[in-house]
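Each chain, written out:
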Amino acid sequence: MTRHVLIDQMTWTDYDERVRTENPLVILPVGSLEQHGPHTPLGTDTIIPTAISTAAAERVGAMVAPPIAYGYKSQARTGGGNHFAGTTSLDGETLIHMTRDIIKEFARHGVRNMVVMDSHYENEMFLIEGIDLALRELRADGNEDMKIVKIRYFEFTSDETMGIVFPNGFPGWPLEHAGVMTTSVMLHLHPELVQMDRVPDHPPVQYPPYDVFPADPATGSPSGVLASARGASAEKGKRLFDEYVAGISKALSVEFKLGARTPEARASTGTVRQ
Ligand SMILES: [Zn+2]
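Residues numbered from 1 in each chain as written. Predicted model: local features only at pLDDT ≥ 70, side-chain atom pairs only at ≥ 80, totals over all residues. Heavy atoms only, no water.

S.K.: Where do I start with helix α8 (residues 234-256) in this structure?
M.R.: Three- or four-residue spacings in an α-helix give side chains the same orientation, since the helix completes a turn every 3.6 residues. Here α8 contains 23 residues, and its C-alpha end-to-end distance of 32 Å stays within 8% of the 33 Å for a straight helix at 1.5 Å per residue. Downstream of α8 by a residue or two, Lys-257 has a phi angle that is positive, lying close to 50°. (Helix = DSSP H or I, 4+ residues; strand = E, 2+ residues; numbered from the N terminus. Expected span 1.5 Å × (residues − 1).)

S.K.: I'm lost on the packing of helix α2 (residues 44-60) against helix α7 (residues 180-189) in this one. Help?
M.R.: For any two helices packed against each other, one specifies the inter-axial angle together with the distance between the axes. Contact geometry of α2 with α7 gives a least axis separation of 11 Å together with a crossing angle of 65°. In the packing of α2 onto α7, the handedness of the crossing is left-handed. Across the interface between the two elements, Thr-44, Ile-47, Ile-48 and Ala-51 of α2 pack against Thr-182, Val-185, Met-186 and Leu-189 of α7. Looking at the contact of α2 with α7 residue by residue, the classes come out as 6 nonpolar, 2 polar and no charged. (Axes fitted to C-alpha atoms, helices over the stretch in contact; angles between N-to-C directions. Left-handed = near helix turned anticlockwise from the far one by under 90°. Contact = heavy atoms within 4.5 Å. Nonpolar A, V, L, I, M, F, W, Y, C, P; charged D, E, K, R; others polar.)

S.K.: What am I meant to see in the coordination of the zinc ion here?
M.R.: Metal coordination angles have textbook ideals: 109.5 degrees for a tetrahedral set of four donors and 90 or 180 degrees for an octahedral set of six. Coordination of the zinc ion by the protein comes from Glu-34 (OE), Asp-45 (OD) and His-120 (ND1), over a distance range of 2.0 to 2.2 Å. When the donors of the zinc ion are listed by position in the chain, the intervening gaps give E-x10-D-x74-H. With Glu-34 in the loop between β1 (25-30) and α2 and His-120 in the loop between β5 (113-118) and α5 (124-140), this residue pair connects regions lying 86 residues apart in the sequence. What makes His-120 buried here is its relative accessible area of 2%. (Donors = N, O, S within 2.8 Å, 3.2 Å for Na, K, Ca; no water. Buried < 20%, exposed > 50% of the residue type's maximum accessible area, 1.4 Å probe, protein only.)

S.K.: Please explain the confidence of the model for the chain as it appears in this structure.
M.R.: Where the model shows low pLDDT, its predicted coordinates should not be examined in detail. This prediction gives the chain a mean pLDDT of 93; 93% of its residues lie at or above 70. A low-confidence stretch, residues 265-274 (pLDDT under 50), is modelled with 17 contacts involving residues beyond four sequence positions or located in other chains. (pLDDT = per-residue confidence, 0-100.)

S.K.: When you look at the environment of Gly-43 in this model, what are you seeing that I'm missing?
M.R.: The topology assignment puts Gly-43 in the loop between β1 and α2. Residues within four places of Gly-43 in sequence aside, it is in contact with Ser-32 and Leu-33.

S.K.: Before we go on, may I ask you to explain the packing of α2 against α8 in this structure?
M.R.: Viewed as axis vectors pointing N to C, α2 and α8 meet at an angle of 50°, and their least axial separation amounts to 9 Å. Taken as axis vectors, α2 and α8 run oblique relative to one another. Two packed elements cross with a definite hand, and for α2 against α8 that hand is right-handed. For the pair α2 and α8, contact is made by Ala-51, Ile-52, Ala-55, Ala-56, Arg-59 and Val-60 and by Phe-241, Tyr-244, Val-245, Ala-246, Ile-248, Ser-249 and Ser-253, respectively. Of the residues belonging to the contact of α2 with α8, the class tally is 10 nonpolar, 2 polar and 1 charged. (Parallel < 35°, antiparallel > 145°, perpendicular 65-115°, else oblique.)

S.K.: How should I be thinking about empty space enclosed by the protein in this particular structure?
M.R.: Leftover empty space is mapped by rolling, across the atoms, a probe with the size of a water molecule. Tallied over the entire structure, the rule returns 1 cavity of 30 Å³ or more. Estimated volume of the largest cavity: approximately 150 Å³. For the largest cavity, the lining is made up of 16 residues, of which Asp-45, Ser-119, Tyr-121, Trp-173 and Glu-176 are closest to its centre. Of the residues that constitute the lining of the largest cavity, the class distribution is 6 nonpolar, 6 polar and 4 charged. (1 Å grid on protein atoms, 1.4 Å probe; cavity = no way out; pocket = protein on both sides within 12 Å on 5 of 7 lines; lining within 4 Å. Points joined across faces, edges and corners; volume = space filled by probe spheres on them.)

S.K.: It is not clear to me how the sheet that holds strand β2 (residues 63-64) should be interpreted in this structure. Could you clarify?
M.R.: Sheet strands associate in pairs through backbone hydrogen bonding, adopting either a parallel or an antiparallel arrangement. One open sheet accounts for 4 strands, arranged β2-β1-β5-β6; its pairing is parallel. Because the sheet does not close on itself, it has two edges, and the strands there are β2 and β6 (147-152). Relative to β5, β1 runs parallel, the two sharing 6 bridges. Along β5, the bridge assignment pairs Val-30 with Asp-118. Contacts between α2 and the sheet are confined to β1, β2 and β5, with β1 contributing the most and set at about 165° to the helix. (Pairing = 2+ DSSP bridges.)

Okay, here's the thing in structure tokens:
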């Protein structure tokens, strides 16, 4: 039997055997189809968490489910807004029910340990609601054993790495949309998908400390970028990616009592940024 990490590349019989014999951890990446400036692709929020999930799964012996590749509506102050061409979003109710349904299906197969690996700022409370509804319904059906960890991978950036990646100051995660962090990680993973000659070079977009509905696109970022990615590099991307994979692998090993499969995973002590 070929040992795969990606569930959609397994046969149902191999998958079934692993679920029944290994009690495996299943990681569900969640992203968006959303503009990420004129220089990185629409799938950036899905490509990055899927790559991190796959690398972490290889370390700790987990499996990766196909990602939820659409997210909740992009908001002006965290993603540039939902008006851009290409940005293709779900109603909150849809994302809640997709999350709930997928968790309950894995539970039906016998999976008892899951991770929801989120990459898109606007998804968070809808994923939490989907997780909560799934657990509540599973409990009502007599399944008390499901444990789920929700991760936003960027929260695993250490203070030391923050200083190296953002030497001129950190704009904050909400403004880090198509900025230095995501662009660097994409340069590391898929340089052929990044067009650095198109990176907008402007100061971080200024928003008032409140939201206006309906949103007025004229008050936001015309490029879709909230803080310039001019300082991005593949070297920074590798540092960030490796830190995320090491820190997340360690956290999963602790939470799910998994045996890390590599010495680096056992030795890593990625500081978790709160
Ligand atoms: Zn996003």
